[in-house]
Amino acid sequence: MNKILNSDKKIESGLIHLADVVDQRRDAFKAGQADPKTSYTALLFSKGDDGILKKIGEEATEAVMAAKDARNSNLAADQQKLLVGEMADLWFHCLIALSQFNLRPEDVIAELDRRLGTSGIEEKAARKATGKE
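Report follows, based on the coordinates. On a predicted model such as this, the values are computed, not experimentally measured, just so you know. (Residues numbered from 1 in each chain as written. Predicted model: local features only at pLDDT ≥ 70, side-chain atom pairs only at ≥ 80, totals over all residues. Heavy atoms only, no water.)

This brings us to the overall build of the protein chain. When you go through the protein chain residue by residue, the secondary structure sums to 6 helices and 0 strands. Each helix (α) and strand (β) of the protein chain, taken in turn from the N terminus, gives the series α-α-α-α-α-α. In terms of overall dimensions, the protein chain has C-alpha extents of about 45 × 40 × 35 Å along its principal axes. Counting over 133 residues, the protein chain shows a buried share of 26%. The long-range share in the protein chain, meaning contacts at least 24 apart out of those at least 6 apart in sequence, stands at 56%. (Helix = DSSP H or I, 4+ residues; strand = E, 2+ residues; numbered from the N terminus. Buried < 20%, exposed > 50% of the residue type's maximum accessible area, 1.4 Å probe, protein only. Contact = heavy atoms within 4.5 Å.)

Given below as structure tokens:
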């Protein structure tokens, strides 16, 4: 159990560190210190909300296709590796979106923690009942 907790903390701290870097690059872009021609992160921020959200849609589609390919290959190692790569791309672009909206991975983690122990079906019904879906 301790090993799992330590691993969870390492994952969480890795996401937080990456979010810190993204936020720093967002701030550098806003201050005119990062050029979209030489910085991919600055390029994403230069596209604004719509460009960032479109990129998440593209990355999500690529992740779905990679998952299908992994399943169709009977979870072959090379296809699993491609799936992990696509998920990493998706997570990165989600961190960009969080930063764009002045949010952090800690906000998402807190929401997941809040939902822990609640049935997904119950959670969805509660959102529907309050008009949040």
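Take the side chain of Arg104 next. For Arg104, the position within the fold is in the loop between helix H4 (77-100) and helix H5 (105-115). Within polar-contact distance, the side chain of Arg104 engages the side chain of Asp20 at 2.8 Å. A distance of 3.1 Å separates the side chain of Arg104 from the side chain of Glu106, its partner in a polar contact. Beyond its immediate sequence surroundings of up to four residues, Arg104 is in contact with Ile16, Ala19, Asp20, Asp23 and Leu98. (Polar contact = N/O pair within 3.5 Å; in protein donor to acceptor, adjacent residues only side chain to side chain.)

One non-glycine residue with positive phi stands out, namely Leu75, at about 60°. Of note, the phi angle at Asn102 is positive, near 55°, even though the residue is not glycine. Note on placement: Asn102 falls in the loop between H4 and H5.

This next bit is on a nonpolar patch on the surface. On the surface, a cluster of nonpolar side chains totalling about 260 Å² of accessible area is made up of Leu53, Phe101 and Leu103. Topologically, Leu103 is positioned in the loop between H4 and H5. We classify Leu103 as partly exposed; its relative accessible area is 39%. (Patch = residues over 30% accessible without salt bridge, like charges linked within 9 Å, V, L, I, M, F, W, Y side chains within 5 Å. Areas by Shrake-Rupley, 256 points an atom, 1.4 Å probe, with all protein chains shown as cover. Salt bridge = Lys/Arg side-chain N within 4 Å of Asp/Glu carboxyl O.)

Tracing the chain through its elements places Leu112 in helix H5. According to the relative accessible area criterion, Leu112 is exposed, its value standing at 52%. For the pair Leu112 and Val21, spaced 91 residues apart in the sequence, the C-alpha separation amounts to 23 Å.

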